[in-house]
Amino acid sequence: KQEVTQIPAALSVPEGENLVLNCSFTDSAIYNLQWFRQDPGKGLTSLLLIQSSQREQTSGRLNASLDKSSGRSTLYIAASQPGDSATYLCAVSLNTNAGKSTFGDGTTLTVKP
Amino acid sequence: DGGITQSPKYLFRKEGQNVTLSCEQNLNHDAMYWYRQDPGQGLRLIYYSQIVNDFQKGDIAEGYSVSREKKESFPLTVTSAQKNPTAFYLCASSMKHSGANVLTFGAGSRLTVL
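Residues numbered from 1 in each chain as written. Chains lettered and ligands numbered in written order. Predicted model: local features only at pLDDT ≥ 70, side-chain atom pairs only at ≥ 80, totals over all residues. Heavy atoms only, no water.

**Quick notes on the overall build of chain A**
Consideration 1: When its secondary structure is counted, chain A shows zero helices and eleven strands.
Consideration 2: When the helices and strands of chain A are read in sequence order from the N terminus, they spell out β-β-β-β-β-β-β-β-β-β-β.
Consideration 3: Relative to the 2.2 N^0.38 estimate, which gives 13 Å for 113 residues, the radius of gyration of chain A is 13 Å and therefore close to what a compact globule would have.
Consideration 4: Along the three orthogonal principal directions, the C-alpha set of chain A runs to about 40 × 30 × 20 Å.
Consideration 5: A fraction of 56% describes how many contacts in chain A between residues 6 or more apart in sequence connect residues 24 or more apart.
Consideration 6: Surface summary for chain A: the accessible area is close to 5200 Å², and the carbon and sulfur share equals 48%.
Consideration 7: For chain A, the centre of its 9 positive side-chain charges and the centre of its 9 negative side-chain charges are spaced 4 Å apart. (Helix = DSSP H or I, 4+ residues; strand = E, 2+ residues; numbered from the N terminus. Rg over C-alpha atoms; globule rule 2.2 N^0.38 Å. Contact = heavy atoms within 4.5 Å. Areas by Shrake-Rupley, 256 points an atom, 1.4 Å probe, with all protein chains shown as cover. Lys, Arg positive; Asp, Glu negative; His and termini not counted. Charge placed at Lys NZ, Arg CZ, Asp CG, Glu CD.)

**A look at the interface of chain A and chain B**
Consideration 1: In this complex, chain A contributes 23 residues to the contact, which on the side of chain B involves 25 residues.
Consideration 2: On the surface where chain A and chain B come into contact, there are zero salt bridges.
Consideration 3: Where chain A meets chain B, there are three residue pairs in polar contact (both at pLDDT 80 or more).
Consideration 4: Of all the secondary structure elements, the ones that give two or more residues to the side of chain A that touches chain B are strand 4 (32–38), strand 5 (44–51) and strand 9 (86–93) of chain A.
Consideration 5: Broken down by class, the residue content of the side of chain A that touches chain B amounts to seven nonpolar, 13 polar and three charged. (Salt bridge = Lys/Arg side-chain N within 4 Å of Asp/Glu carboxyl O. Polar contact = N/O pair within 3.5 Å; in protein donor to acceptor, adjacent residues only side chain to side chain. Nonpolar A, V, L, I, M, F, W, Y, C, P; charged D, E, K, R; others polar.)

**Focus: the pairing of strand 4 of chain A**
All names here are of chain A.
Consideration 1: Counting buried residues in strand 4 gives seven out of seven residues, a clear majority hidden from the surface.
Consideration 2: Because side chains alternate across strand 4, one face comprises the buried residues N32, Q34, F36 and Q38, and the other comprises L33, W35 and R37, equally buried.
Consideration 3: As paired elements, strand 4 and strand 5 share seven bridges and run antiparallel to each other. Counterpart to Q34 in the pairing with strand 5 is L49.
Consideration 4: Here strand 4 folds back onto strand 5, and the loop between the two strands holds five residues, one of which, G41, carries a positive phi near 70°.
Consideration 5: Sheet analysis places strand 4 next to strand 9, joined by seven bridges and oriented antiparallel. In the sheet register, F36 faces strand 9, and the bridge partner there is L89. (Buried < 20%, exposed > 50% of the residue type's maximum accessible area, 1.4 Å probe, protein only. Pairing = 2+ DSSP bridges.)

**Section: the nonpolar core**
Consideration 1: Among the nonpolar cores identified, the biggest contains 22 residues, and L33, W35, L75 and I77 of chain A are the most heavily contacted of them.
Consideration 2: If near-sequence neighbours (up to four positions away) are discounted, I77 of chain A is found in contact with E17, N18, L19, L21, R61, L62, D84, Y88 and L109 of chain A.
Consideration 3: One finds L11, I60, V78 and L111 of chain B within the second-largest nonpolar core, a separate group that totals 20 residues. (Core = buried A, V, L, I, M, F, W, Y, C linked by side-chain atoms within 4.5 Å.)

Keep in mind that these numbers describe shape and distance, not what the molecule does.
And the structure:
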């Protein structure tokens, strides 16, 4: 059974700092990996999706990398801003059925002004 | 604008009552999903449906029921058999058999049992 772990559970940084969030998974035979953002009491917003054949994806200040062989993905956030404060979740899919992804518990990020 | 609408946003239930959470999408997505999220935890799949009039159990289906009579709608009923129903419920959808199978989520419904 696929297990997804996100460490640390919480992270606090000063504004402007570059930071990395980690996601590890136990079954490397993945179809894709997706990073989401969740604001308190809200739904999830998709940030980046990496297919199993890709090594990274970029969107603005966000860069996600994937290393299938080691079962790891990282989300890099450059020049963090207070508006980046949220919980970030990764989800791993083993096939085209996106909704059967296994989700991590998330990392709650606080960016202090 | 296309999206997923969940209602109600907040719901209170007395023990022994069934309640139904609504999920409607206008994205023309084939697949729809219901998840439960408990504090500090990730999402757990309750039920999913890939086509109209068909649905499958997820990891924690006990005490829940669904229907998929229309492509746009996938309501979730939390029955009295669900022992610990207080949670945040999220509905999502995606295109079936899409290579970039991005999940789109609704804003969620918070259910509290009194």
